[in-house]
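# Structural features, examined
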Amino acid sequence: MTNSLSMTSSQENCLVLTGHVVKPPKTSTSPAGIKHCQFSMDHKSIQNEAGLNRQAFVRIQVVATGNVSQHLTRDLIEGCNIRVTGFINRHESRNGNPLLALHAQQIEMI
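All residue numbers here refer to positions counted from 1 along the written sequence of the relevant chain. Per-residue local features of the predicted model are confined to residues with pLDDT of at least 70, and side-chain atom pairs are confined, for both listing and counting, to 80 or more; whole-chain, interface and lining totals are unaffected and use all residues. Neither water nor hydrogens contribute to the side-chain values; these are computed over all heavy atoms in the structure.

### Focus on the overall build of the chain
Note the following rule: A run of H or I in DSSP counts as a helix once it spans at least four residues, and a run of E counts as a strand once it spans at least two, with each numbered from the N terminus. Remark: exposure states derive from per-residue accessible area (1.4 Å probe, protein chains only) relative to the maximum for the residue type, with buried under 20%, exposed over 50%, and partly exposed in between. By definition, residues are in contact when any of their heavy atoms lie within 4.5 Å.
Scanning the chain from terminus to terminus reveals 2 helices and 5 strands. Counting helices and strands in the order they occur from the N terminus, the chain gives α-β-β-β-α-β-β. Projected onto its principal axes, the C-alpha positions of the chain cover 45 × 45 × 30 Å. Classification of the 110 residues of the chain by burial places 28% in the buried group. At a minimum sequence separation of 6, the contacts of the chain that also span at least 24 residues come to 52%.

Set out below in structure tokens:
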């Protein structure tokens, strides 16, 4: 019998999203001493779906942890254009509502 955690660990979870920073990065340090950086980004584009053009808009929270937090977010300011590569994960807001967050593994200025 295979446990569900090992089954899900082999699933793909990769997202590449371009957009711009809408809220300046906020940094914090966890009780374990790990640095975190969080900011919001907007993505707007036109995507083709079933032969029709569709406007796509996403505002998503980006989380950068550890070395990514220190090295890749230091030059980010509100309005700058970026490409973020990472994975998505569920977070809970302060009032318990589920949120989707993009955990950055790479951030590029574009």
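On we go.
### What to know about the pattern of salt bridges
Test applied: For this analysis, a salt bridge means a side-chain nitrogen from Lys or Arg found within 4 Å of a carboxyl oxygen belonging to Asp or Glu.
Applying the stated rule across the entire model yields 4 salt bridges. In this structure, Glu 108 and Arg 83 form a salt bridge, with 3.5 Å as the shortest nitrogen-oxygen distance. Highlighted residues: Glu 108 in strand S5 (residues 98-109) and Arg 83 in strand S4 (residues 81-92), separated in sequence by 25 residues. Here Glu 92 makes a salt bridge to Arg 90, at a shortest N to O gap of 3.4 Å.

### Here's the deal with the environment of Val 63
Residue placement: Val 63 occurs in strand S3 (residues 52-65). Taking relative accessible area as the criterion, Val 63 reaches 5% and is therefore assigned buried. Leaving out residues up to four positions away in the same chain, Val 63 has contacts with Cys 37, Gln 38, His 91, Ala 101, Leu 102, His 103 and Ala 104.

### Examining the nonpolar core
What counts, and what does not: Take the buried residues of types Ala, Val, Leu, Ile, Met, Phe, Trp, Tyr and Cys, join any two whose side-chain atoms come within 4.5 Å, and each joined set is a nonpolar core.
The biggest cluster of nonpolar side chains holds 16 residues, and the ones touching the most others in it are Phe 39, Met 41, Val 62, Ile 82, Val 84 and Ile 107. Put simply, the parts of the chain that give this core at least two residues each are strand S1 (15-29), strand S2 (35-49), S3, S4 and S5. With near-sequence residues (within four places) excluded, Met 41 lies in contact with Leu 17, Thr 18, Gly 19, His 20, Val 21, Val 22, Val 58, Arg 59, Ile 60, Val 62, Ile 82 and Val 84.

### Quick notes on unusual backbone geometry
With a phi angle near 55°, Ala 50 is a residue other than glycine that sits in the positive phi range. Looking at the secondary structure, you find Ala 50 in the loop between S2 and S3. With relative accessibility at 79%, the residue Ala 50 sits in the exposed group.

### Some thoughts on the side chain of Asp 42
For clarity, the threshold we go by: Residues adjacent in sequence count toward polar contacts only when both atoms are side-chain atoms; beyond that, a polar contact is any pair of N or O atoms within 3.5 Å, and within protein one must be able to donate a hydrogen and the other to accept it.
Inspection of the secondary structure puts Asp 42 in strand S2. A distance of 2.6 Å separates a polar atom in the side chain of Asp 42 from a polar atom in the side chain of Arg 59. Among residues more than four places away in sequence, those in contact with Asp 42 are Thr 18, Gly 19, His 20, Val 22, Phe 57, Val 58 and Arg 59.

Shape descriptors only; they carry no functional weight alone.
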